[in-house]
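# Structure assessment
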Amino acid sequence: MPKLKPSKGAPYARILGVGGYRPTRVVPNEVILEKIDSSDEWIRSRSGIETRHWANDEETVAAMSVEASGKAIADAGISAEQIGGVIVSTVSHFKQTPAVATEIADKLGTNKAAAFDISAGCAGFGYGLTLAKGMIVEGSAEYVLVIGVERLSDLTDLEDRATAFLFGDGAGAVVVGPSQEPHIGPTVWGSEGDKSETIKQTVPWNEFRIGNVAELPLDSEGNVKFPAITQEGQAVFRWAVFEMAKVAQQALDAAGITPDELDVFIPHQANERIIDSMVKTLKLPEHVTVARDVRTTGNTSAASIPLAMERLLATGEAKSGDTALVIGFGAGLVYAATVVTLP
């Protein structure tokens, strides 16, 4: 049997640049309250959310991704032609095929980069980051673009009191490239499919297409509701608080660092109460900067971690070279956590 040539990738990988895009329309809680029986105080106390961004017709999944990616590429100091892979995590691109990543790769001007979509919900950025790291170390690409993008306003039931206030739109992107030292730690990831019903789409596309109106959910005016994301709030909260704190600690252990050596904590921006509980359980010191982008951006699923990272760096709350723990968790239920050096 002939011997295959060994891979000629870099010894390690790191995040070289980050970029974000938030839609121009800012939606306060007052707009959400037009269709649900609640209050601004209740929404803030339950989630920490004050506003969120909703996309207009021109701010498509592809368009937002291109804007965020252009910023990330510029921040990394490379050209789009050097990008060898484009990984897009999203659950709100409504074309089953082709992958929106191919459109984005073309619009950015990459040189026929490998391009594909993944569906890993709110853990999607962590999944994409891990795949990008593997591509660079394996040698199949020198630079890889990882994008988390969502238009969750398209999948929000505005009459569902449990979820109407949660979701927002936006795109976050990072460029991952070669490094001579480890700057992306081992990933602790996994899934718990036995809990998949706790976060799900209300109606599968095929049932929505051919379904009997009498069997489909209706809105207050008697119209068939478009499929939306629904969740069992208390079950998800308990899982995130207790189980994901363990995963976060495992990621710290895998990277060989302690909470005292951490500079920044960037959890998925799902709910500020979850974030507070994780900080407490992990016993993070006061010097650790904690991302709270959820307050003004809402839950943007796969986009939430890169958007929060971009904002921390832009505001100076975090700086280049800081050591950050990132963790995403959501529908599936899936999760991914790792320690990274900020670009």
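Let me sum up the structure you'll find in this document. Model, not experiment: these values are computed from the prediction.

Rules used throughout
Residues numbered from 1 in each chain as written. Predicted model: local features only at pLDDT ≥ 70, side-chain atom pairs only at ≥ 80, totals over all residues. Heavy atoms only, no water. Helix = DSSP H or I, 4+ residues; strand = E, 2+ residues; numbered from the N terminus. Expected span 1.5 Å × (residues − 1). Buried < 20%, exposed > 50% of the residue type's maximum accessible area, 1.4 Å probe, protein only. Pairing = 2+ DSSP bridges. Axes fitted to C-alpha atoms, helices over the stretch in contact; angles between N-to-C directions. Phe/Tyr/Trp six-rings, centres within 6.5 Å; stacked < 30°, edge-to-face > 60°. Salt bridge = Lys/Arg side-chain N within 4 Å of Asp/Glu carboxyl O. Parallel < 35°, antiparallel > 145°, perpendicular 65-115°, else oblique. Left-handed = near helix turned anticlockwise from the far one by under 90°. Contact = heavy atoms within 4.5 Å. Polar contact = N/O pair within 3.5 Å; in protein donor to acceptor, adjacent residues only side chain to side chain.

With that out of the way, let us pick up helix H10 (residues 304-315). Given 3.6 residues per turn, any residue in an α-helix points the same way as the ones three and four places further on. For H10, with 12 residues, the first-to-last C-alpha span of 16 Å sits near the 16 Å given by 1.5 Å per residue. Within the span of H10, buried status applies to Ser 304, Ile 305, Pro 306, Leu 307, Ala 308, Met 309, Glu 310 and Leu 312. Just downstream of H10 lies Gly 316, where phi reads positive at about 85°.

Attention now goes to the sheet that holds strand E5 (residues 114-118). Within the open sheet, the five strands sit side by side as E1-E7-E6-E4-E5. Their pairing is mixed. The two strands at the open ends of the sheet, each matched to only one other strand, are strand E1 (12-21) and E5. Between one strand and the next, the sheet's axes are offset by a mean angle of 20°, whatever the strand orientation. Pairing analysis gives nine bridges linking E1 to strand E7 (residues 169-179), with the strands arranged antiparallel.

Considering all chains together, one arrives at seven aromatic pairs under this definition. Here the aromatic rings of Trp 42 and Phe 165 are separated by 5.5 Å at their centres, their planes lie at 85°, and the arrangement is edge-to-face. Pair noted here: Trp 42 is in helix H2 (residues 40-47) and Phe 165 is in the loop between strand E6 (143-151) and E7, with a separation of 123 residues, a long-range link. Phe 165 sits in the buried class, given a relative accessible area of 4%. Their ring planes at 75° and their centres at 6.4 Å tell us that Trp 239 and Phe 329 sit as a pair that is edge-to-face. Remark: Phe 329 occurs in strand E13 (residues 323-330) and Trp 239 occurs in helix H7 (residues 233-255); sequence separation between them is 90 residues. An aromatic cluster is defined as three or more aromatic residues linked by ring pairs; in this entry it consists of Phe 94, Trp 205, Phe 208 and Phe 226.

Okay, the sheet that holds strand E11 (residues 264-267) next. Spatially, E8-E14-E13-E11-E12 is the arrangement adopted by the five strands of the open sheet, whose pairing is mixed. Pairing within the sheet leaves two strands with one partner each, and these edge strands are strand E8 (188-191) and strand E12 (289-290). Bridge count between E11 and E12: two bridges; the pairing is parallel. For Val 264, the partnering residue across the bridge sits in E12 and is Thr 289.

Applying the stated criterion across every chain, the model contains 17 salt bridges. For Arg 22, the salt bridge identified is with Glu 310, shortest N-O distance 3.2 Å. Residue Arg 22 is located in the loop between E1 and strand E2 (25-28), and its partner Glu 310 is located in helix H10; the two are separated by 288 residues in the primary sequence. Classification of Glu 310 as buried rests on a relative accessible area of 18%. Close ionic contact of Glu 159 with Lys 225 constitutes a salt bridge, the shortest N to O distance being 3.9 Å. With Glu 159 in the loop between E6 and E7 and Lys 225 in the loop between helix H6 (205-210) and strand E10 (229-231), the pair connects residues that are 66 residues apart, well separated along the chain.

Where H7 contacts helix H8 (residues 272-282), the two axes come as close as 9 Å, and the packing angle between them is 40°. The pairing of H7 with H8 is recorded here as oblique in orientation. For H7 against H8, the interelement crossing comes out right-handed. Across the interface between the two elements, Phe 237, Ala 240, Val 241, Met 244, Ala 245, Ala 248 and Gln 249 of H7 pack against Arg 273, Ile 274, Ser 277, Met 278, Thr 281 and Leu 282 of H8.

Structurally, the position occupied by Glu 197 is in the loop between E8 and strand E9 (199-201). According to the relative accessible area criterion, Glu 197 is partly exposed, its value standing at 48%. For the pair Glu 197 and Tyr 12, spaced 185 residues apart in sequence, the C-alpha separation works out to 37 Å. A distance of 2.7 Å separates the side chain of Glu 197 from the side chain of Lys 200, its partner in a polar contact.

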